[in-house]
Amino acid sequence: MIPFFLRVAHAFLAKALNAFTVLFAAATLCFVVLQLTPGDPVLAILGGGSVNATPETLAVARHEYGLDRPLPVQYGLYLTRLAQGQFGNSFSQHMPVVDVLRSQAPPTLELMAAAFIVAWLFALLSTVPTVRRRWFGPVASSLETISAGLPPFWLGLLLLWAFSFEFGLFPPAGTRGVLSIVLPALALGIPLGGFLAQVTRESFDLALDEPCVLTARARGMDERAVRLRHVLRHALLPGVDLSAWGIGALVGNAVAIEMIFSRKGIGRELFLAVSGHDMPLVAGIILFIAAIYIIAGFLADLLRRLIDPRLKALHS
Amino acid sequence: MSALPDPVLHVEDLSVSFATPRGHTVAVQNLSFTLKPGQVVALVGESGSGKSVTARSIIGLTGAGGHVSARRLSLGDDDLRDLPERRWRDIRGRRIGMVLQDALVALDPLRPVGREIAESLAVHRRGTAKERTRKVLELLEQVGIREPDLRARQRPDELSGGLRQRALIASAIAMSPSLLIADEPTTALDPTVQAQILDLFSSLRDRGTGLLLISHDLGFVAKLADEIIVLEHGKVVEQGPAARILTAPKHPYTITLLEADPSRHPARPVAPEPTGDSLLEARDLSFIRKGPDGVIRPIISDVTLTLRRGRTLGLIGESGSGKTTTSRIIAGLLQPDTGTVSFRGEPWVAAGAQPVPERMRRPRRRFMALIYQDPLSSFDPRWTVFDILSDALSAAGEPKANHTDRIGELLERVRLPCSIARRRPGGISGGQRQRVAIARAVAVKPDLLICDEPVSALDVSVQAQVLDLLEELQRDFGLACLFISHDMGVIRRMCDDVVVMQEGRIIEVGTAADVLIRPRHSFTQSLLTAATKLSASLPVVA
Amino acid sequence: MVSAFFVWSLRRKMTRRAVPLAMAMSLLSVAGCRQHKNHKEATGPVSGGTLVYATDREPVCLDPHVHGDMPQVFVAEQFLDSLVAMDKGGKILPWLATDWTVSEDGRAWTFHLRRDVAFTDGTAFNAAAVRANLDHIANPHTLSSTAGGYIKQYVKTDVIDDYTAVVHLDRPYAAFLEVLAQGFLGMESPVALLRPRDENCQSPVGSGPFRVVHWDRQNEIVLERNPAYRWGPPTARHTGAAWLDRIVWRIIPEASVRFASLQAGEVDVIDSLPPEAETPAQHNPDLWLLKADLPGNPTNGTLNLRREPFGDIRVREAFVRSADIPGALSSVFFGHYRRAGGPLSPSTPFYSPETEHHGDYDPDRARLLLDEAGWTARTADGIRVRNGVPLQVHIPMRSSLSASIRTLWEQVQATARATGFDVILENADDTTVNDRESRWDYDVRVGYWNTNTADVLRIVFSSAFLGPPGPQGGIHQNAAGYSDPGFDRIINAALLTTDPEERQKLYTQAQEIVAAAFLQITTYPQSTRMALSGAVHDVRIEPSLNVTSLYDAWIAR
Amino acid sequence: MTDMILPALRRRVPGFIMPVLTLRHVGPLLAAFYLLLLVAAAIAPTLFTHIDPMAIEPRDAFQGPSLSHPFGTDQSGRDVLARVIHGARQSLLLGISAITLALSFATVLALVGGLGGRLAEKSVRWLLDVMFSIPSLVLALLFTATLGSGIVPLIVAIGVGSAAGYGRIVFGQVLAVRRAGYVEAARALGHAPAGIIVRHILPNAFRPLIVMGTMGIGQMIVWSASLSFLGLGARPPAAEWGTMLSMGRDFVAEAWWMTFFPGLAIVVTMLATTIAGRSLQRLIEGRVS
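Remember, predicted model here, so these are calculated numbers, not experimental data. All residue numbers here refer to positions counted from 1 along the written sequence of the relevant chain. As they are written, the chains are lettered A onward and the ligands numbered 1 onward, keeping that order. Thresholds applied to this predicted model are a pLDDT of at least 70 for local features of residues and 80 or more for the giving and counting of side-chain atom pairs; totals over whole chains, interfaces and linings are not thresholded and use all residues. Only heavy atoms go into the side-chain values, all of them from the structure, while hydrogens and water stay out.

### What to know about a nonpolar patch on the surface
Within this analysis, patches are made of residues with over 30% relative accessible area and no salt bridge. Like charges are joined at 9 Å or less; nonpolar side chains (Val, Leu, Ile, Met, Phe, Trp, Tyr) at 5 Å or less. Computed by Shrake-Rupley with a 1.4 Å probe, the accessible areas treat only the displayed protein chains as cover when residues are assessed. Throughout this description, the term salt bridge denotes a Lys or Arg side-chain nitrogen within 4 Å of a carboxyl oxygen of Asp or Glu. Nonpolar side chains collect at one region of the surface, where Phe 33, Leu 37, Leu 47 and Phe 48 of chain D lie side by side and expose about 410 Å² of accessible area between them. On the basis of relative accessible area, Phe 33 of chain D is assigned to the exposed category, the value being 51%. Burial classes: relative accessible area under 20% of the type maximum marks a residue as buried, over 50% as exposed, and values in between as partly exposed (1.4 Å probe, protein chains only).

Structure below.
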C-alpha cells in the first residue's frame, strides 16, 4: 500500500510539473508572437517613431534590453530570466515588470473576485429557488440565457450610461472604494453568472431526480432543506468546472471593462503593452494570467473533491 | 413501538394519472389494500406496471403533474387525501418509512451514511445532536452492521452493497415508523446479499413493522409476503394471499411471471459427456491493473478454460469477480498480461513479447459473435436496425444485394416485426434491442457466441423469451456459447458446463449437473444457498 | 480611452519637437485664452484644499529628462522649476538663474543662480546641480529623446563657484534659453539623480511648488505643497508657497468618463475636453472652460507625393477638393472647432488669410481634374481607374485616435468616394503605424504640428526635413516628401531677416506656394481645452509649452 | 427496474429556454425566424432598407430614434438601422469564418490526438493545455499584435484564440467515441480500423460540431466585438457591429442609441444562435434516443 499522503504528493507534483511545462510553452508562445510583430522594438522602447534619440541612445537602449544579441540567445536569456523569476523591465513603464504586476494585479484581482461573487450569487439565487417552479422557473431560465449572451463591455457601457451618467448613483471612474467596483463587477459578473446559472439549472434539474432526493423527501424533509442540503451540492459540480474557465473569461473581458471604467489593472495594462509592443510586459502579464488560470484550475479541482469526495478515490 | 394512533394504512380504489403533453396517462388504477403492522403486502409487476408510483403516492410524493384519487387513502384516522404539505412531512419518515433500490444513489452519495441516518432524526427534531449520534450507532447495529462507528463515517461508495443497503434501511427505520415501504430493495445486489437483506426485512416484520414490499421478482417476495398484488400496466390483475397466488395463480400474467423465473425452469437436460472438438482454449490468463488506491493487483489470474463446439459454458460469479474481463480477453478485445487463447485451433490471443496481431485475428473475428448486457451502447446511435444488421452481414461477406432478404429472415428469426428495421435502437424497447443484438450476432454465422449478462437488464418475462430464443438459435445453428451471468437460475437453465469465479480466480469447474447440484467449493455452495433461499418457496413446475 | 488621448499625445509630442526648431524666431503670444462665463467670483485666493485634476494619459516616467513626452511635462510643471521662464510674448525671464551672459562665439553661456533655492529633499540648488542636470539629460543611459533634439550641442558645464555655472556648447545655439525654459529641462535634485533611472522615474525630486508624494500607476499621482517655496516664476500671479495643499493628478483615459467625473464632482479640472462634451460643459452653470487655440500647422492629412496617386498635383487637388471638412466640423465637432483651411493656423504669426479657401470643397472641379489626369474609367462601384489601377488612398489610422478624428476621416472617405476615390482607412496599433510612416508606406499621414512660429512651414515642407531625424530611424518630418528649391530658398530667407514686413512677404509667398501644391487637407487648429469646476480659480496655462500650471490655483469651498 | 413512467415524464430538455409547455416551440421558431432574416439581410440588405449605410449627412448627425431613423443616426448622420442591417453581412461572415476556423483547428488536433497513438494523444493533450492556459480573448489580443487589425486578422485571432476550448471538447468527444461500445462491437465484427474511423468515429465524434458551430457563431461575434471594441476591428466605413459599438462608446453620454442598437443586434444574434443550437441538439438527440 502506498500511503495516502504520498499519492497526493505524487499527484500534486505531477500537476505542478505539467503546470510548469505549460507555463514554459506559454512563455515561448509569447516570445514567438512578439518576435513576429512588425516594427523595430527599439522604437517601441523609446516611444514610437517620433523619437529624436541620438544614435548613442538607440545603441544603449538596444544593448540594455538585449536586442543586439542573436535571436536564440535572446530566447535563451529570456527563458533563463523567467526561470529565475525575472520578467525584466517594461519598456514603456520604466519599471520592473514584477513591480508593474505588483501594482496592477491587485485591482484586477479584486475586480475579478467581486465579479465572481456577483456571478455565483446570480447563478444560485436565480436557480436554487426557481428550478421546476411553475412561473419563476421559465422566467429565471430566460433571464439566464439572455444574461449569458450579453457582451460584458456592452453591458458595462449601458450600466455606466444609466447608473453613472444619467442617475449619478455610482462614480463613473476609478479604482477607489467599494462603490467604484460595483458597476464593473456587475458588467463582468452578470454574463458569467448567466453561464453558471445555465449549467447549474441543468444539473440542479437532474439532481432533483436523484433517488437520494426522494429518500430525503421520504424522510419528511421540507423542500427548502432538500434543495439546499442535498440537491445543491449535487448541482454545483458543473458550475465549479465552468468557473475555472470563467476566471479566464473574466481576465479577457477585464481588458475592455477596465478601459470603459478607466480602472487601473492588468487588463488595461495588457492592452497598452500589446499596442506599444512592450514585449517584457506583455510576456509578464500573459504568464501571470496563465498562472492565475492554472491556479484557478487547481482550486476548482480541489473544490470538486471537497464537494464530491468520491473523486478523491477515483483520481488521486 | 411509538405510541402513535392506529397505524393501519387503508388504500381503496387508488388511481394515479399524469398530465403529459399528449394527454393523461394512467399509471395506476383502482388499487386497494390494507397494510397493518407486522404484515407484508407485496406489489409485484414489471417495468411500467405502476408499482413505484403507488409507493410514492402513498407518502404524497407522486411527482410533478401527478394526480392521485382514491375512495379512501388513510393512515389510521388521518385522511391522506388533500393533506397539506406540512402534515405530509410529519407522516413521512415518522409514520411511514421508505427504502429505495440501490443505496449507492438512494443515500446521498456525497455524505457519510451516519449523517444521512442522523438527518432522518433531525428532520423530526428527535433529541440533541449528541443523542442522535448515539442513536445512529444503535440503528446501524440494529440492521446488523458491525463496527458501526467506522461505518457511520463512510460514504455509500466506500461500503459494500450489502452494508449500504442496510444503512439505507437504518435511515428509513430511524424514527421507528410502523410502516415501511421498500421499493425494489434488493435489485442489483448479489444473491447472497439479497438473501441477507431478506432476513433483515423478516426480522423487522417480526418486530411489528408493516411492510409494503415492491418487486419485479415473485421469488423474492414469496418468502415474506402475506398478501400479493400483481400489477400489469397499472391494473391489478390478481390479488390475494401469497400462498394461493404462488400455488394456484389464476391470471395468465401471473402464470407468465411465475414461469418466467428461470429458477422455476427445469435445468438443461444433462448433455452428453464433452465429445466435440475443442473450439476455444484459454490458458493461464491473467490481467493486472493498478487499482484506484495505486496498488497493483490482478483482476484475473490463471484462468484456464476450454469450450467445445456446440456446448454452452457458463461463467458464474458475483460482481467484480473478473467474469467480464475474462470474456473480453477471450473476445480478443483486451490484451492479457499472461496466457494464451486459441480459437478454432489457431492462436487467437497471446500475451508477452509475441502477441497475435489484430490483423491476424480480423479475418476470423466473424466466427465469434458478442452479445452485451447493454446492447444500446453497442449500436451506433445514428444507425437504424437495418444499417446495424447490414453492417454485420457485410462483415460476414454477404453480398449487398442479399441484405434486404437476409435482414427480413433475421428479424423473423428473432421474432421482431420487419417494420423495426427502419427504427433506431434508441427508440425501441430493451427486449427488442437485445433481439436485434442477437440477430446481429447470428447474422455472421459464428461458431462461438459470447453472451455477457445478456438478460440481466431485462424484465423477467422478457428474460424468459430472450433465453428461449437464445436456446433455440444455439440449437438450430449448433453454436458454442460462453455464457456469463451472476444468476444461478439463468446458468442452470442455459449451460452444459459451469465455471465458477471468485476474486479473479476459477474456483470450481464442472458440468452444470455436477456443480449446481453437488458443489464442492464453499463459495459455490453459498451462492446456491442464496439462490435457493430466494426462490425456494416456489414450486417447480415440471 | 483610446479616443481623446492620442490626439493629445500626438500634439504634445509634436509641440515638444517643434519648439526648439523655432527658436531663432521671436516667440509670439499663444492665441489668447478664451475664458467662459460661469466662473464664480470669489473674494480672493484661499489657501488649502485638494485639487483633483484629471487627464487622459499617464506619464511613462515622472522624470521629464527620461524619454520626454508631453504628459511628463504637464505634471513636471507642478514640481520642477527651470533656469529661465518665458512669458506669453515669448520673452525669456529669469527664474532659478538670475541673469546670464553669452560669450562672443556664442558657445559659452554663463548663468548666475539664485542663492535661496533648495530641493524638497533638502539639497541646495547650485552650479553643481545645474551641471548634474545637464549631464544627466545628455547621458545616453537616461534614454532621453530630448537630448537629441534640444541639447545636442551640449558639451559640458564648468562650475565656477557655487552660484555661477558656465555651459559649453559645440556651436552657437540661439534657441538655448527657450529650450531651458521648457519643463523637459527642469532642475532636479542632484542627489536624487544619482539613483537608478527607473527609481528616479517613480519619485523625482525638484524644487517646485509641489512635490511628488505617491504615484499609483494607472490611477493617480499625489502631489503635496512645498511649504518652503519662495521662488515662483515671474509669470505667476503670486509669490510664496502654492495655495493648494495637495493635487491629485488622476488618470482617466476615457473621455466621456472624464467629463462625467467632472460633472459628478469627483474631479475639479479635466483637460482634453472632448468636442462632444463641450456643449454640455458650456450649459452647465457649475463649470467653466479654459481654451486656447494653438498656432502652427493645423490638424491635417499630409499627402505622400512619393508614390501614386498623389505624385500628380491634379489628383492631389481633386482629393483636397473632395473632402467636405466644414460638414465634418459641424457634426462631429459640434461646431466648436474653427476651420483652418491654409497651411498655418489663423493664430500663427504671419498667417495669410488668402490661402484659407484655397482647397475648399468643390467636387465638380475634383471630377474635372481627375478626368484630366486620366482617371476616367470606373469600377462597378464607382471607383476611378487608370490603366487598370483603381484610385486608392491608403491612410493608416492609429488605434488610439479619437472617435472624432476617425469620424472626420470617415466623412472625408465618404465625400471623396463620391468623386471616385477609394479611401482605405487602415486601423493598426500605434507602433505599427509609426513603422509604416517611417517607411513612407502611406498615401495620407494624419497629424499636426504645433509651434508658435510660421517657421513650422520649414519643418513640415522644406527638403531639409526629408530624412529621418536619427540615423536609425524615426519619422521624417516632411511627411509629404515635398521638395521645391524655390520654396526652400524663400523659407530659409525668412529666417535671416528681422524686418517684419519682409518676413510677412516671404511667409505669405511660402504659404501660397504650399497651398498651391495641395500637399495637405487641413482641418482645424489644435487647441488646449480644459473644463473646470466653478470653485477652481486661477489655473494658468504656462506659455513655454502651453501646459497647465496649478501654482496659482485655489479652490473656493 | 423501477418504474419508467416517472422519469420519462420528468425528462425535459436540458437548458431549454421556454419551459412553459405551450411556449416550448416559440423560442426556437423565433430564433429560426430571426436567423433567417439575418441571413437574408447579409445576402441582400437592400430588401430591408433603402438607406445607404455609408451615406453621410453631417447635418443629421446624432439624431435620436425617430420615425425616419428608428435607431437614430450616428456622428456622421448615417442611419444606424441601415448600418445595423448592412452590418449583418460582416458580422455573420466574421462569426461563421471564425467558428469554422476554430472548429477546423480543433478537429485536426482532436483527430491527431485521438487516433494518432499514445504519443500523439499526450502531445495534443499538452498542447491544448498550453493553449488553454491563456484565456481566448487574451490570446486573440496577443495575436492581433502580430497580425494587425482588419477583418481577416480578427477572424484568425478569434478563431485560433478560441480553438483550444473547442479542441478540448472535440478531443474529449473523439476519445469517448473511440471507447464507445459500438466501436468495440465493430472491431469484434472484424472491421478494419480505417473503416471504423470513417463509419463510426468521425460521424459520431463530429455530430456535436454542428451544434457547437451554430452556438459558436454568436459567441464568436461577441468575442470579435470585444476586439473591435478595442479598436482592432473592421476597416471603416464598413458597418460591422463591433466597430459601430466601438465608435459609439465615445458618444454614449450624448447618443446612447449608437451603442445600444448594434449591441442589441449582437445580443439577439447570440441568443438566436444559442436557442437554435439547443434546438438542433434536441433534434439530434431526439433522433437517436
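### Things to note about the confidence of the model for chain D
All names here are of chain D. For chain D, per-residue confidence averages 83 on the pLDDT scale, and residues scoring 70 or more make up 90% of the total. One number per residue, pLDDT, summarises how confident the predictor is, and it ranges from 0 to 100. Runs of E in the DSSP output that reach at least two residues are strands. Runs of H or I that reach at least four are helices, and both are numbered from the N terminus. Element-level mean pLDDT values for chain D span from 33 in helix H1 (residues 5-10) up to 92 in helix H3 (residues 80-115). Contact between two residues is taken to exist if any of their heavy atoms lie within 4.5 Å; hydrogens are not considered. Across residues 1-22, where pLDDT falls below 50, the model places 61 contacts with residues more than four positions away in sequence or in other chains. Predicted as a complex, the structure gets a pTM of 0.86 and an ipTM equal to 0.84.

### Brief notes about the domain arrangement of chain B
All names here are of chain B. Here chain B is described as being made up of domain 1 (9-259) and domain 2 (278-376 + 445-535). Of note, the centres of domain 1 and domain 2, computed from C-alpha atoms alone, are 35 Å apart. In this assembly, 14 residues from domain 1 lie in contact with 13 residues from domain 2. Summing both sides of the interface, domain 1 and domain 2 together bury roughly 1,300 Å²; the carbon and sulfur share of this comes to 56%. Across the contact surface, domain 1 and domain 2 share 0 salt bridges. Think of a polar contact as two N or O atoms within 3.5 Å of one another; within protein, one of them needs to be a possible hydrogen donor and the other a possible acceptor, and neighboring residues in sequence only count if both atoms come from side chains. Put simply, domain 1 and domain 2 have 4 residue pairs in polar contact (both at pLDDT 80 or more) between them. Going through the elements one at a time, helix H8 (191-206) and helix H9 (218-222) are the ones with two or more residues in the side of domain 1 that touches domain 2. The leading source of residues in the side of domain 1 that touches domain 2 is H8, at 6 residues. Residue ranges for the domains originate in an automatic or database domain assignment. Each of two parts loses accessible area, computed with a 1.4 Å probe, when they are put together; buried area is these two losses added.

### Some thoughts on the state of the cysteines
Residue and element names in this part refer to chain C. By definition, disulfides here are pairs of cysteine sulfur atoms that lie within 2.5 Å. This structure, assessed with the given rule, holds 1 disulfide over all chains. With a sulfur-sulfur separation of 2.0 Å, Cys 61 is cross-linked through a disulfide to Cys 201. Handedness here is read from the sign of the S-S torsion; for Cys 61 and Cys 201, about -95°, the answer is left-handed. Of the two residues, Cys 61 is situated in the loop between strand E2 (50-55) and helix H2 (70-79) and Cys 201 in helix H7 (residues 197-202); the sequence distance between them amounts to 140 residues. By relative accessible area, which is 0% here, Cys 61 ends up buried. Judged by relative accessible area, Cys 201 falls into the buried class, the value being 0%.

### Structural notes on the interface of chain A and chain D
Each partner contributes residues to the interface: chain A has 53 residues there, and chain D has 46 residues. At the boundary of chain A with chain D, total buried surface from both sides reaches about 4,300 Å², with 78% on carbon and sulfur atoms. The tally of links between chain A and chain D comes to 0 salt bridges. Put simply, chain A and chain D have 5 residue pairs in polar contact (both at pLDDT 80 or more) between them. Elements with a minimum of two residues in the side of chain A that touches chain D: helix H1 (4-36), helix H6 (136-148), helix H7 (152-166), helix H8 (179-208), helix H10 (223-260), helix H11 (266-275) and helix H12 (279-307) of chain A. Residues that form the side of chain A that touches chain D fall into these classes: 36 nonpolar, 12 polar and 5 charged. Under the scheme applied here, ten amino acids are nonpolar (Ala, Val, Leu, Ile, Met, Phe, Trp, Tyr, Cys and Pro), four are charged (Asp, Glu, Lys and Arg), and all others, including Gly, are polar.

### Regarding the side chain of Ser 378 of chain B
Residues and elements named next belong to chain B. Mapped onto the fold, Ser 378 is located in the loop between strand E17 (368-371) and helix H14 (385-395). With relative accessibility at 2%, the residue Ser 378 sits in the buried group. In terms of polar contacts, Ser 378 uses its side chain to reach the backbone carbonyl oxygen of Pro 375, at 2.7 Å. Within the local environment of Ser 378, its side chain forms a polar contact with the side chain of Arg 440, the two groups lying 2.9 Å apart.

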